[in-house]
Amino acid sequence: MHFGTQKLKLKEPQRDRMRAACSFNAQVLDMVRSRLQPGVTTEEIDNWVHTYTLDHGHTPACLGYLGFPKSCCTSVNDVICHGIPGPYRLQEGDIVNIDLTSIVDGWHGDQSETFLIGEVSDEARQVTQCSFDALYAAIDALQPNCRISEIGKAIVAVARQFKFSVVQEYVGHGLGRQFHQEPSIPHYPTPESRLQRLAPGICFTIEPMINVGGRNTTLDRGDGWTVRTKDGTLSAQFEHTILMTEDGPEILTLTADGPQKGHQF
Ligand code: MF3
Ligand code: CO
Ligand code: CO
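Conventions used here
- Residues numbered from 1 in each chain as written.
- Chains lettered and ligands numbered in written order.
- Predicted model: local features only at pLDDT ≥ 70, side-chain atom pairs only at ≥ 80, totals over all residues.
- Heavy atoms only, no water.
- Pairing = 2+ DSSP bridges.
- Helix = DSSP H or I, 4+ residues; strand = E, 2+ residues; numbered from the N terminus.
- Donors = N, O, S within 2.8 Å, 3.2 Å for Na, K, Ca; no water.
- Tetrahedral: all angles 85-135°; square planar, octahedral: opposite > 155°, others 65-115°.
- Buried < 20%, exposed > 50% of the residue type's maximum accessible area, 1.4 Å probe, protein only.
- Axes fitted to C-alpha atoms, helices over the stretch in contact; angles between N-to-C directions.
- Parallel < 35°, antiparallel > 145°, perpendicular 65-115°, else oblique.
- Left-handed = near helix turned anticlockwise from the far one by under 90°.
- Contact = heavy atoms within 4.5 Å.
- Nonpolar A, V, L, I, M, F, W, Y, C, P; charged D, E, K, R; others polar.
- UniProt positions renumbered as here; feature names shortened; annotations may be inferred.
- Salt bridge = Lys/Arg side-chain N within 4 Å of Asp/Glu carboxyl O.

## Let's talk about the sheet that holds strand S15 (residues 235-237)
Reading across from one edge, S7-S12-S15 is the order of the 3 strands in this open sheet, with antiparallel pairing throughout. Two strands close off the open sheet at either side, each with one partner strand: strand S7 (165-166) and S15. Sheet topology places strand S12 (residues 209-211) next to S15; 3 bridges connect them, and they run antiparallel. Paired with asparagine 211 across the strands is serine 235, a residue of S15.

## With respect to the coordination of the cobalt ion (ligand 3)
Those donors, Asp99 (OD), Asp99 (OD), Asp110 (OD) and Glu239 (OE), are the protein atoms that reach the cobalt ion (ligand 3), and they lie 2.1 to 2.5 Å from it. The coordination sphere of the cobalt ion (ligand 3) comprises 6 donor atoms, whose angles at the metal cover 57 to 168°; the geometry is irregular. Linear spacing of the donor residues for the cobalt ion (ligand 3) on their chain is D-x10-D-x128-E. A separation of 3.3 Å is found between the cobalt ion (ligand 3) and the cobalt ion (ligand 2), which share aspartate 110 as a coordinating residue. One end of the pair, aspartate 99, is in strand S4 (residues 95-104); the other, aspartate 110, is in strand S5 (residues 107-116), with 11 residues separating them in the sequence. Here the two residues aspartate 99 and aspartate 110 agree in accessibility, since each one is buried.

## Notes on the sheet that holds strand S13 (residues 217-219)
Pairing is antiparallel in the open sheet, where 3 strands are placed in the order S3-S14-S13. Every interior strand has two partners, whereas the edge strands, strand S3 (79-81) and S13, have only one. Averaged over all adjacent pairs, the angle separating strand axes in this sheet is 40°, with direction ignored.

## Some remarks on the packing of helix H1 (residues 12-35) against helix H2 (residues 42-55)
One can describe the packing of H1 onto H2 by two numbers: an axis separation of 10 Å at closest approach and a directional angle of 140°. One finds that H1 runs oblique with respect to H2. Between H1 and H2 lies a crossing of right-handed hand. Along the contact surface, H1 presents Phe24, Gln27, Val28, Met31, Val32 and Arg35, while H2 presents Ile45, Trp48, Val49, Tyr52 and Thr53. Considered class by class, the residues forming the contact of H1 with H2 number 8 nonpolar, 2 polar and 1 charged.

## Here's the deal with the pairing of strand S9 (residues 181-185)
Counting buried residues in S9 gives 4 out of 5 residues, a clear majority hidden from the surface. Both strand S8 (residues 172-174) and S9 contribute to a ladder of 3 bridges, which runs antiparallel. What sits directly across from glycine 174, in S9, is glutamine 181. Adjacent in sequence and paired antiparallel, S8 and S9 are bridged by 6 residues.

## Concerning the UniProt feature "domain: Peptidase M24" (unreviewed entry) in the chain
As recorded in UniProt, the feature "domain: Peptidase M24" (unreviewed entry) lies at residues 17-246. Summarising residues 17-246: 31% helix, 28% strand, and an end-to-end C-alpha distance of 18 Å.

## Comments concerning the packing of helix H3 (residues 122-140) against helix H4 (residues 149-162)
Closest axis-to-axis distance for the H3/H4 pair is 8 Å, and the angle between their directions is 150°. Classified by the angle their axes make, H3 and H4 are roughly antiparallel. Between H3 and H4 the crossing geometry is right-handed. Residues Gln126, Gln129, Cys130, Asp133, Ala134, Ala137 and Ala138 of H3 pack against Ile151, Ala154, Ile155, Val158, Ala159 and Phe162 of H4. Tallied by class, the residues present in the contact of H3 with H4 amount to 10 nonpolar, 2 polar and 1 charged.

## Let's talk about the environment of glutamine 168
Relative to the helices and strands, glutamine 168 resides in the loop between S7 and S8. With 125 residues separating them along the chain, glutamine 168 and glutamate 43 place their C-alpha atoms 28 Å apart. Among residues more than four places away in sequence, those in contact with glutamine 168 are Tyr188 and Arg215.

## Here's the deal with the pattern of salt bridges
Taken as a whole and judged by the stated rule, the model has 12 salt bridges. The partner of glutamate 12 in a salt bridge is arginine 19, with the nearest N and O atoms 2.7 Å apart. With a closest N to O distance of 3.5 Å, lysine 153 and glutamate 150 form a salt bridge. Here lysine 153 pairs with glutamate 150, and both are found in helix H4, just 3 residues apart, close to one helical turn. Since its relative accessible area comes to 47%, lysine 153 is described here as partly exposed. Take glutamate 150: its relative accessible area is 23%, and that puts it in the partly exposed class. Within the structure, one salt-bridge network assembled from shared partners comprises Glu12, Arg15, Asp16, Arg19, Glu246 and Glu250.

Next comes the structure, spelled out in structure tokens:
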């Protein structure tokens, strides 16, 4: 690995700082959850996130990151990821992924959930369930010093059961003082991921993007950010920040009010 993995292994005081950043980030997501309803615009969601984060003395990591213009990502229906909040009003039947990252005293917490707006189609519910189950199957596959490819193997197996596809162009990532760092966490097995192991002390995300149709993506040429399914089908995503410990994985971004392991949408 580029960095040398030694540098990525957090000791207990640093682990506590990641715990604090991630638990604040989860609190922001619970705040959004309590206010989300049909008729709100994605820009209103962004304002809630921005104001709440600043009011608590912290920083939204997305704002200004590589020029990103808003404080969170809101990805509706066929948008896979990196949707930019704007005037669009959420309506009954939509699914929206809300992806939040906070910087707390210099450390990053990163997570997302897909929300169902009112009653949604069976397909929308199923792709959401698939992404959620895939995330937890991947977490269940983790053991100290396991291969990174265990994550992709578990996710691909769940997607296959649902007959959905796994996006390849966007991946999970190490994080800590930086938003995105090594190791790369692909959601499908790759030669490199078979060679890399997750030692205790490493923090990373798992964030499977699942498409109802084909896995291919298109990047919006107009805004340079919005990623959509090439075939226009629905896409869903869930993300947690995980700390590998000597005893196994610790999910750092658990919410108080959100769907927990085993949830049925
Ligand atoms: N939060 C996203 C991730 O999971 C990254 C968003 S970068 C942004 O890695 F610039 F689009 F905000
Ligand atoms: Co991430
Ligand atoms: Co994220």
